[in-house]
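# Residue-level structure breakdown
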Amino acid sequence: MDLSIGEVAQRSGLSVHALRFYEREGLFANPVRRLSNGRRIYHEEDLEWLAICTKLRSSGMSLAMIRQYIELARQGTGNERERLELLRRHENHVEAQIRELQGTLDVMRHKVRIYEDHLARGEADRLWNPSHPDAGQGS
């Protein structure tokens, strides 16, 4: 089934501008087809690839790395180990990001507990205030 750029934008959640950017950057697994009047035509497999591609982007994969992955896939069979290694490298990168974010979340939860405790005890004035160094410590 042929899809217009507007239909793909609606179904993918990407803007028409973003879809044109993806095309310009060579981020579609298959070249975008055009009608004789120049209108872009997409297919279901384009939507499936966009779903994967947007996850790769949102996880921090660079455009260059996505292009490398696409190029390997376009070459067909015989380079599956290279594709796997590329995906494993990125998987390790995402896992490191998650560990860093978990540490950040732990700090935020600790700070929230301190504020909740001080407010519940009516001691909010004892929370740390950089403009009043004699105010409470530790928060």
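Each value, and the rule that gives it
- Residues numbered from 1 in each chain as written.
- Predicted model: local features only at pLDDT ≥ 70, side-chain atom pairs only at ≥ 80, totals over all residues.
- Heavy atoms only, no water.
- Helix = DSSP H or I, 4+ residues; strand = E, 2+ residues; numbered from the N terminus.
- Contact = heavy atoms within 4.5 Å.
- Phe/Tyr/Trp six-rings, centres within 6.5 Å; stacked < 30°, edge-to-face > 60°.
- Buried < 20%, exposed > 50% of the residue type's maximum accessible area, 1.4 Å probe, protein only.
- pLDDT = per-residue confidence, 0-100.
- Patch = residues over 30% accessible without salt bridge, like charges linked within 9 Å, V, L, I, M, F, W, Y side chains within 5 Å.
- Areas by Shrake-Rupley, 256 points an atom, 1.4 Å probe, with all protein chains shown as cover.
- Salt bridge = Lys/Arg side-chain N within 4 Å of Asp/Glu carboxyl O.
- Axes fitted to C-alpha atoms, helices over the stretch in contact; angles between N-to-C directions.
- Parallel < 35°, antiparallel > 145°, perpendicular 65-115°, else oblique.
- Left-handed = near helix turned anticlockwise from the far one by under 90°.
- Nonpolar A, V, L, I, M, F, W, Y, C, P; charged D, E, K, R; others polar.

### Some points on the side chain of His-90
With respect to the helices and strands, the residue His-90 is situated in helix α5 (residues 80-120). Those residues in contact with His-90, other than ones at most four positions away along the chain, are Leu-56, Ser-59, Gly-60, Met-61 and Met-65.

### Side note on the packing of aromatic side chains
Applying the stated criterion across every chain yields a total of three aromatic pairs. Arranged with centres 6.2 Å apart and planes meeting at 70°, the rings of Phe-21 and Tyr-22 form a pair that is edge-to-face. Summarising the aromatic geometry, the rings of Trp-49 and Tyr-69 are spaced 6.1 Å apart at their centres and angled 15° between planes, so their arrangement reads as stacked. Taken together, the positions of Trp-49 in helix α3 (residues 44-58) and Tyr-69 in helix α4 (residues 63-74) put the pair 20 residues apart, joining distant regions of the chain. Judged on exposure class, the residue Trp-49 and its partner Tyr-69 are both buried.

### Structural notes on the confidence of the model for the protein chain
Low pLDDT marks stretches whose predicted atomic positions should not be read closely. Per-residue pLDDT for the protein chain averages 92, and the proportion of residues at 70 or more is 94%. Of all secondary-structure elements in the protein chain, the lowest mean pLDDT belongs to strand β1 (residues 33-34), at 92, while α5 reaches the highest, 97.

### Quick notes on a nonpolar patch on the surface
Together, Leu-105, Val-107 and Met-108 give the surface a local cluster of nonpolar side chains, amounting to about 260 Å² of exposed area. Counting through the fold element by element, Val-107 comes out in helix α5.

### Here's the deal with the side chain of Arg-83
Within the secondary structure, Arg-83 is located in helix α5. Look past the residues within four positions of Arg-83 in its chain and what remains in contact with it is Tyr-69, Leu-72, Ala-73, Gly-76 and Thr-77.

### Quick notes on the packing of helix α1 (residues 5-12) against α3
At a minimum axis distance of 11 Å, the contact between α1 and α3 shows a crossing angle of 40°. The pairing of α1 with α3 is recorded here as oblique in orientation. Seen from above, α1 lies across α3 with right-handed handedness. Where α1 abuts α3, its residues Val-8, Arg-11 and Ser-12 lie against Glu-44, Leu-47 and Leu-50. Classifying every residue of the contact of α1 with α3 gives three nonpolar, one polar and two charged.

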